[in-house]
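Next come the chains, spelled out residue by residue.
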Amino acid sequence: MKRVSLRTKIVALVLSANLSNVNAQTSGELHVPSPDWREQIIYFVMLDRFNDGDTSNNNQGVGEYDPGRNSHYSGGDLPGLTNKVNYIKNLGATAVWITPPVANQWWSPTARYGGYHGYWAENLMAVDSHYGQLSDMQNLSRRLHGEGMYLVQDIVVNHMGNFFAYDPKQWNAQNPALGYRREPATAQGQTPSQAPFNRNDARDPDQARDAIYHWTPDIRDFTDPAQEHDWQMAGLDDINTENPQVREALRRSYGHWIREAGVDAFRVDTAFYVPPEYFRDFLHADDPVQPGILRVAEATGRNNFHVFGEGFGIDKPFEETQSRKIESFVRTAHGQPLMPAMINFPLYGTGIDIFAKGHPTREMRHRIETMMRVHESPHLMPSFVDNHDVDRFLANGSASALQQNLLLIMTLPGIPVIYYGTEQGFTEQRGAMFKAGFGSGGKDRFDESALLYRTLQTMTALRKSNPVFTHGNPTVLKDNATGAGVFAYRMRHGDADALVLFNTADSPHVLDNLDTGRPNAHRWRTAFSLTSFPAMLSADANGRVSIVLPPRAGIVLLPETGASVTAKQPATLQIDALPATVYGDSLDVRGRNSNTEPFRLALNGDLAEAVTVIPSADGRWQAKLPIAALAESREPHQVLAWQDSTASASAPHSFIVQRNWQALLERTDPRGDDHGRRGNLRYPSDTSWGEHHQGDIENVSVQRAGSTLRIVLRLRGMTQFWNPPNGFDHVAVTVFLQIPGRDGGSALMPQQNGHLPDGMRWHYRLRTHGWSNAWFGAEGATVDNEGTVLSPGAQMVADAQARTLSFTIPAKALGNPASLSGIKLYLNTWDYDGGYRALSPEGSGMVFGGDRADGIKVLDETEVMVLP
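Residues numbered from 1 in each chain as written. Predicted model: local features only at pLDDT ≥ 70, side-chain atom pairs only at ≥ 80, totals over all residues. Heavy atoms only, no water.

Caption draft 1: Up close: the environment of Val390. Considering the arrangement of structural elements, one finds Val390 in the loop between strand E14 (382-383) and helix H14 (399-411). In sequence terms Val390 and Trp771 are 381 residues apart; their C-alpha atoms lie 7.1 Å from each other. Beyond its immediate stretch of four places on either side in the chain, Val390 contacts Phe312, Tyr348 and Gln429. (Helix = DSSP H or I, 4+ residues; strand = E, 2+ residues; numbered from the N terminus. Contact = heavy atoms within 4.5 Å.)

Caption draft 2: Representation of the side chain of Asp315 in the model. Among the structural elements, Asp315 can be located in the loop between strand E12 (306-309) and helix H11 (321-327). Judged by its relative accessible area of 5%, Asp315 falls in the buried class. A polar atom in the side chain of Asp315 sits 3.0 Å from the backbone nitrogen of Thr321. Once residues within four sequence positions are removed from consideration, Asp315 is found in contact with Glu320, Thr321, Gln322, Ser323, Pro346 and Arg367. (Buried < 20%, exposed > 50% of the residue type's maximum accessible area, 1.4 Å probe, protein only. Polar contact = N/O pair within 3.5 Å; in protein donor to acceptor, adjacent residues only side chain to side chain.)

Caption draft 3: The arrangement of the packing of aromatic side chains in detail. Summed over all chains, the structure comprises 46 aromatic pairs. Taking the centre distance of 5.4 Å and the plane angle of 40 degrees together, the rings of Phe272 and Phe329 count as tilted. Residue Phe272 is found in the loop between strand E11 (265-269) and helix H9 (278-284), and its partner Phe329 is found in the loop between H11 and strand E13 (341-342); the two are separated by 57 residues along the sequence. Phe272 sits in the buried class, given a relative accessible area of 2%. Of the residues examined, Phe329 reaches a relative accessible area of 2% and is grouped as buried. Plain terms: the ring middles of Tyr489 and Phe502 are 6.4 Å apart, the flat faces sit at 40 degrees to each other, and that makes the pair tilted. Here Tyr489, found in strand E17 (residues 486-493), pairs with Phe502, found in strand E18 (residues 496-503); they are 13 residues apart in sequence, far enough to count as distant. In terms of burial, Tyr489 and Phe502 fall into one category: buried. (Phe/Tyr/Trp six-rings, centres within 6.5 Å; stacked < 30°, edge-to-face > 60°.)

Caption draft 4: Region of the structure containing the packing of helix H12 (residues 345-356) against helix H13 (residues 362-374). Two numbers describe how H12 lies on H13: the axes approach to 9 Å, and their chain directions differ by 165 degrees. When the axis of H12 is compared with that of H13, the two are roughly antiparallel. The two elements H12 and H13 cross, and the hand of that crossing is left-handed. Between H12 and H13, the residues in contact are Pro346, Leu347, Thr350, Gly351, Asp353 and Ile354 and Glu363, Met364, Arg367 and Met371, respectively. Of the residues belonging to the contact of H12 with H13, the class tally is 5 nonpolar, 2 polar and 3 charged. (Axes fitted to C-alpha atoms, helices over the stretch in contact; angles between N-to-C directions. Parallel < 35°, antiparallel > 145°, perpendicular 65-115°, else oblique. Left-handed = near helix turned anticlockwise from the far one by under 90°. Nonpolar A, V, L, I, M, F, W, Y, C, P; charged D, E, K, R; others polar.)

Caption draft 5: Structural view of the nonpolar core. Ranked by size, the top nonpolar core spans 143 residues in total, and within it Tyr43 and Tyr254 carry the most contacts. If you look at the next biggest cluster of nonpolar residues, it comprises 32 residues, including Ile697, Val702, Leu713 and Leu766. (Core = buried A, V, L, I, M, F, W, Y, C linked by side-chain atoms within 4.5 Å.)

Caption draft 6: Spatial organisation of helix H8 (residues 244-261). With 18 residues, H8 ought to run about 26 Å at 1.5 Å a step, and its terminal C-alpha atoms sit 26 Å apart, in line with that. Structurally, the start of H8 carries an N-cap: the backbone nitrogen of Gln245 is 2.8 Å from a side-chain oxygen of Asn243. Positive phi shows up at Gly262, right after H8, with a value of about 75 degrees. (Expected span 1.5 Å × (residues − 1).)

Caption draft 7: Main features of the confidence of the model for the protein chain. Per-residue confidence for the protein chain gives a mean pLDDT of 94; residues scoring 70 or more make up 96%. Scored below 50 in pLDDT, residues 1-24 shows 50 contacts in the model against residues more than four places distant or in partner chains. (pLDDT = per-residue confidence, 0-100.)

Caption draft 8: Geometry of the pattern of salt bridges. Within this structure, the stated rule accounts for 52 salt bridges. Glu228 is paired through a salt bridge with Lys325; the nearest N and O atoms lie 2.6 Å apart. Of this pair, Glu228 sits in helix H7 (residues 225-230) while Lys325 sits in helix H11, and the two are 97 residues apart along the sequence. For Arg365, the salt bridge goes to Glu369, with nearest N and O atoms at 3.3 Å. Pair noted here: Arg365 and Glu369 are both in helix H13, with a separation of 4 residues, about one helical turn. Owing to a relative accessible area of 22%, Arg365 belongs among the partly exposed residues under this scheme. Among the ionic contacts, a cluster of salt bridges with common partners joins Arg362, Arg365, Glu369, Asp479 and Glu635. (Salt bridge = Lys/Arg side-chain N within 4 Å of Asp/Glu carboxyl O.)

Caption draft 9: Inspection of the side chain of Asn387 at higher detail. Locating Asn387 in the fold gives a position in the loop between E14 and H14. Since its relative accessible area comes to 7%, Asn387 is described here as buried. A distance of 3.3 Å separates a polar atom in the side chain of Asn387 from the backbone nitrogen of Val390. Filtering out sequence-adjacent residues up to four positions away, Asn387 remains in contact with Phe44, Phe345, Tyr419 and Gln429.

Caption draft 10: Here's a closer look at helix H15 (residues 451-465). The end-to-end C-alpha separation of H15 is 21 Å, in line with the 21 Å expected for 15 residues at 1.5 Å each. A large share of H15 lies buried, amounting to 11 of its 15 residues. Those residues of H15 not exposed but buried are Leu452, Tyr453, Thr455, Leu456, Gln457, Thr458, Met459, Thr460, Ala461, Leu462 and Arg463.

Caption draft 11: Focus on unusual backbone geometry. A cis amide bond links Ala195 with the next residue in sequence, Pro196, at an omega value of 0 degrees. Tracing the sequence through the fold places Pro196 in the loop between strand E10 (180-182) and helix H6 (205-210). Of note in this structure, Arg112 is not a glycine but carries a positive phi near 55 degrees. For Arg112, the position within the fold is in the loop between strand E5 (107-108) and strand E6 (113-114).

Caption draft 12: Broad picture of the sheet that holds strand E24 (residues 554-559). On the basis of which strands lie adjacent, the open sheet formed by 6 strands has the order E16-E17-E18-E24-E20-E22 and antiparallel pairing. The two strands at the open ends of the sheet, each matched to only one other strand, are strand E16 (473-478) and strand E22 (536-538). Taking each pair of neighbouring strands and ignoring which way they run, the sheet shows an average axis angle of 30 degrees. The pairing of strand E20 (residues 523-529) with E22 spans 3 bridges and is classified as antiparallel. Following the sheet pairing, Arg525 is matched in E22 by Met536. (Pairing = 2+ DSSP bridges.)

Caption draft 13: Representation of the sheet that holds strand E41 (residues 772-777) in the model. Strand order in the open sheet formed by 6 strands is E42-E41-E40-E37-E45-E48, and the pairing between neighbours is antiparallel. The open sheet has two edge strands, strand E42 (788-789) and strand E48 (865-866), and neither has a second partner. Relative to E48, strand E45 (residues 824-830) is paired through 2 bridges, and the arrangement is antiparallel. Opposite Lys824, over in E48, you have Val866 as the bridge partner.

Caption draft 14: Summary view of the pairing of strand E30 (residues 620-626). Residues Trp621, Ala623 and Leu625 point to one face of E30 and are all buried, whereas Arg620, Gln622, Lys624 and Pro626, pointing to the other face, are not buried. Across 7 bridges, strand E27 (residues 586-593) lies against E30 in antiparallel orientation. Of the residues in E30, the one forming a bridge with Val589 is Ala623.

Caption draft 15: Looking closely at the pairing of E11. With 5 of 5 residues buried, E11 lies mostly within the body of the structure. Here E11 shows two buried faces, one formed by Ala265, Arg267 and Asp269 and the other by Phe266 and Val268. Where E11 lies against E12, 4 bridges are found, and the strand directions are parallel. Across the sheet, the residue bridging to Arg267 is Phe308, located in E12.

What follows is the structure, encoded as C-alpha cells:
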C-alpha cells in the first residue's frame, strides 16, 4: 500500500513559489490596499530578540544592554528584521506582527528589568533608539509590501511605563496626592517625553485635575471591573481613556504610524484593562482633525484595516465565560461594532490541554463549537500555540504534540500566528534568533532546513491551497470523552470538504465508523500527514470510515473525484449490552461477529492495551477486560471491537467506572519554614509576596482510587494577583516521584540547582504554576534540562478558598505500575517565570534574595514520603 510521509511535498506550486527568488530585495509602496485577513498567516516577532542589523544602536549607555540576561536589551532592531523578510516569506507567512517599536522606558530601577519588549512606552510617536528610526520602519513596510506581505504593529492604549506608583495603604481616591510617589529616575527622566502623557504628577493640583492618568494603585482584585479598567496593571501607569484629551492623543499617536510608516493592522495589548466602549471612539471617531483609526486607514487606501485585541482569558473545560468576555470587546450587547476581532486565547488553552497534557479531546469539541457559536467573526480571530507572554509549547509539550497543535490552527477558522523561533524548536520564551542575543545557544537560528520549519512550510502551503481552510466552517465528527485519543472534524466551504483527523495519544487508536457527511464519497485522498498513513482511504456504502490512527497522527483528507469504486463491505462486530456502572477492576464483555477471525477489544479506542479475542465457530465470543487503570470521569468509558483483517469496527458501548478514594498517607509541615534549606532565603520584596507566604507548605495528603493517584497540597497562602488561568500565582510547586523496582531516574532537581534528599531518584516530575502544568520523565534530565515531556500528565485543580492544589495522576502517566505501594514522593516550592525565578544575594521586587544566583531554589519542602 502506498503511503504518504511527512516529507511529501503537498501543493508543489504554492511551495515552489514561496521558495523562488529568495535573495530578491523587492521594495514596494508605503500604502497598499488591505488584504482579506482571513487568508493571512502572521509571523510574530519580538524586535529585540529577532535579528541585529545595526550593532551601533545596541547600547544606549545607561546599563540597559546585556545580551547575556533576559532582563536587558539584546540588540535586535528594525534593519535586522528587514534583512530576514525572505526567511519569513519562505516559511509561508504573509504578514509580520512586531512588538511595539515606540520609544520605551529603557530600565525600571524598581522592577530591575528593561523595556526591551516595547510595552513600557515613554513616547508613542517616536521609534525607540534601540530599534532604529522612522525611516527603518518605512523600509520594513515597503519591503513587506514589495513581497506581497503586510505589517502588523503592536500598540498599547492602557498604560505607559512605570513612572509613578502608590502606597496602597495610603491611597485615597478623593485625594490623589496621598500615597503618590515618583519611581526612581531613569535615563528618560521621571516623565514621558510626549504630551499630554508627561503630566503625571498627582501632587500638582493642575495635573491632578487634568486626569491624564487614573491616580490608582496596582490591581488587587481582577474580578472587580473598576480595578481592572482603572487601576495599574503590574505597576504600569494607567491611562485615563475616558478623558477626551487622552482619546485625541491616542488617535493622533497611532494614526501617525498608519500615515507615516505604512502599517496595515494593529494588535492592541492589554485590551481587557480598557473599557470596551473606548474602542468605539478609538476606531470610529468622526473628529475631522484626529479621526478614528479606521478612518485614517481608509484615507490611505486600507478599507479593511484589521485591529485585534489581547484579552488573556482562558476558559476551563466546558466553560465559556472568558469567551463571552472576549466577544464583548468585538461588539456591544446591542450589536454595535467595537474591535473587528480578539485573539483566540480559549482555543490556545484547550490546544495545550489536549495536545500537551492529554486531556479528553471532547474538550476541543466544546471549544470549537463554542467558538463558532459565541463569536461573530471567528475567521478573523488570530490563533496561536505560544507567544511572548506564555511558556513555549516545547517547554511543556512534545515536538509531535506541537506539530499537531500547529496543524489544528492551520485548518480551523482564524488567522494562524507563528511566534518567532517556534519553527526552530525554541524552548526559551524570549530567546534570540541571532547568535549574539540572549538564549540563542551561541548560534544564528535561521535554519530553513530545520524539521519544524519544513513542516510548517507544508502546512502553510496546504492552508493557502484551498479556501475550505480559510473560509470554511468546522463540524466536529468524533472525539474521546475520557482521555487522549481520536479527534476529527470536517471543514466545509460551499461544496468543498476536508477531513482533519488527530490521535492525541502516544499509542494507536481506532477511528470507528466516522460519518464523513459525504455518503457518495467513497475515496479520500491524503493531502497531508504528520505520520506514515495510506495515500488513499476507502469509505463504506454510507460514506463512513474506520481505520487505526497512528500515535500522534495529524491527517488532512480531501474527497477524491473521478471514477467510481465499489464501496468496501465491513464485517459485523457486535458487543452485547454492558452494565451501566462498573465497580471492580475487570469487565466481562460478550458478543457475536459475522466471521470467526481474530479481533481486538479496546478501551476508549486504545489498541496499546487491547485484548485479542478469537470467536467460536458460530461467531460468539467472550473476554475479560482489565480496567483497574481507568479513572473516574464524568463521561462514560467505551469498549469497541476492531478487526484488522477487514478494517471493521463495532459500535462502541459505554459504561461508568465508580471509584472510592482511599487515604494512603497525610503529613503536616511546620508553618513558617519557607526560607530555604538553610533558612537564609527571602521572598521578592514586592508587596504581592512577603506576608502572603505562598510557598509555605502546611499539609500534604495522598489518596488512591484503583491505580489513580491523587495528591492534595495545602499552602499557607494562595493569591491571584496576576489573574493566572490556573487559579493561583507567586508560587510554583514541583513534585517528584520514584517508582519502586524501576531502573534509571535522576537525583537532580532541574533548574533548581540542587539534588533530591535522602538519595531519592525521580522517574516522573510535575512542575506547575499559574500558567503551566507540565509532566516530565527523567530521560534527558540535566541541571538545565527538565527531562522528557510526557503525556498524559496530572490534572490540577486549585481551590483558592481552601488554599489547596489537587493533582490527579492517572496510572498511564506513571507507566501503569503493578502497584502504587512503595512509590516515593517529594514536593517543594519556589516560583516560575519562563524558568525558575531568579535568586540573588540582595534580591529585588521580582527576585528572591539571600543567596547566590546558583543557590538552591527551594523555599519549602516535604520529607521523602513512601506510599504504603
